[in-house]
Amino acid sequence: MPYKVVFFDIDGTLVNEDKVIPDDTKEAVARLKERGIDVFIATGRAPSQFRAVAKTLQIDSFVTCNGGYAEYKGKPVFGRPIPRDVLKRISEWAEEHEHPLVYATADACYTTVDQHPYVNEAFDYLQIVEKPAYRPTVWTDTNVYQVYLYCEEPEEKPYVQAFPELRFIRAHKLYLDLFPSDVSKAGGIEAMLRHLNISPKDAVAFGDGLNDVQMLSYVGMGIAMGNASDEVKAYSAMTTKDVNDGGIVYGLNAIGLL
């Protein structure tokens, strides 16, 4: 089948556990683009958190914030911000429980606690040099597409119970992604494909995490990385090799795109 577009998750897919893009992955993405195939990032990260990856791979289109915001070649095509009344409540809860938040907008990330060690450690883990600016009330006048809640696992349960309108995904031992419960990478991809007038059956997606299962099921060819859990693999059409073992190249070769 002549697939027209490919969506790549970042962590565990385009980059390994050391946050390094394997050389064969760089070459594979370049070859896809040479063949005229549109290449997208589809990630739980905010736009400002993957600029280095996008620049290295020369990818200028993406579905970000777990599907809450999408751009095609620098122009917004979809946005589903978190309602401000929800943001007000979550900010009050986090302040009461002394948990820092980071708000993700289309352009940057902003924190409610300046230079908090949890926030700094998490950004260092992602190898993001630029830390979020201190602007605790950014949500009052700017669209926020995702919130990062910094707390340890036992502390998250009250939030999950109090905010059924949000979906909580633990992305790291120190923080969770929070976004509208009706948002997913599949929804962001659906909006992107509609903008491009491309059928889902003509799209490919690679992923490894629980936030990838909807997109792997939605596209015509969902490919789970070899390092994905069995639960994620169950939602894919095929499983490729590990991110460190040429997983992207192997998968693209298997479906005839390289």
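Q: Lay out the pairing of strand β4 (residues 69-72) with the relevant residues and their values.
A: Burial along β4 is two-sided: the face carrying Y69 and E71 and the face carrying A70 and Y72 are both buried. Sheet analysis places strand β3 (residues 62-64) next to β4, joined by 3 bridges and oriented antiparallel. From the neighbouring strand, T64 faces β4, where its bridge partner is Y69. In this structure, the hairpin formed by β3 and β4 is closed by a connection of 4 residues, where C65 is found at a positive phi of approximately 55°. Across 4 bridges, the pairing between β4 and strand β5 (residues 75-79) is antiparallel. Pairing of Y72 across the sheet is with K75, part of β5. With antiparallel pairing between neighbouring strands as the criterion, β4 and β5 make up a hairpin whose turn holds 2 residues, including K73 at a positive phi of roughly 50°.

Q: Lay out the nonpolar core with the relevant residues and their values.
A: Ranked by internal contacts, the top residues of the largest apolar core, which has 46 residues, are F8, I41, V204, F206 and L257. Counting 22 residues, the second largest nonpolar core, distinct from the first, contains I90, L101, W139 and L166.

Q: Lay out the environment of H99 in plain terms, naming residues and giving numbers.
A: Tracing the backbone shows H99 in the loop between α3 (84-96) and β6 (101-104). Distance in space between the C-alpha atoms of H99 and V113 is 8.6 Å, their sequence separation being 14 residues. Contacts of H99, omitting those with residues within four sequence positions, involve A94, L149, Y150, C151, E155 and Y159. A polar contact of 2.8 Å, which involves the side chain of H99, links it to the side chain of Y159.

Q: Talk me through the packing of aromatic side chains; I want residue IDs and the actual numbers.
A: The full count for this structure, using the stated rule, is 9 aromatic pairs. For the pair W93 and Y159, a centre-to-centre distance of 5.6 Å together with 55° between the ring planes defines the contact as tilted. In this pair, W93 sits in helix α3 while Y159 sits in helix α5 (residues 157-162), placing the two residues 66 residues apart along the sequence. When its relative accessible area of 26% is taken as the criterion, W93 is described as partly exposed.

Reading the values: rules and limits
Residues numbered from 1 in each chain as written. Predicted model: local features only at pLDDT ≥ 70, side-chain atom pairs only at ≥ 80, totals over all residues. Heavy atoms only, no water. Buried < 20%, exposed > 50% of the residue type's maximum accessible area, 1.4 Å probe, protein only. Helix = DSSP H or I, 4+ residues; strand = E, 2+ residues; numbered from the N terminus. Pairing = 2+ DSSP bridges. Core = buried A, V, L, I, M, F, W, Y, C linked by side-chain atoms within 4.5 Å. Contact = heavy atoms within 4.5 Å. Polar contact = N/O pair within 3.5 Å; in protein donor to acceptor, adjacent residues only side chain to side chain. Phe/Tyr/Trp six-rings, centres within 6.5 Å; stacked < 30°, edge-to-face > 60°.

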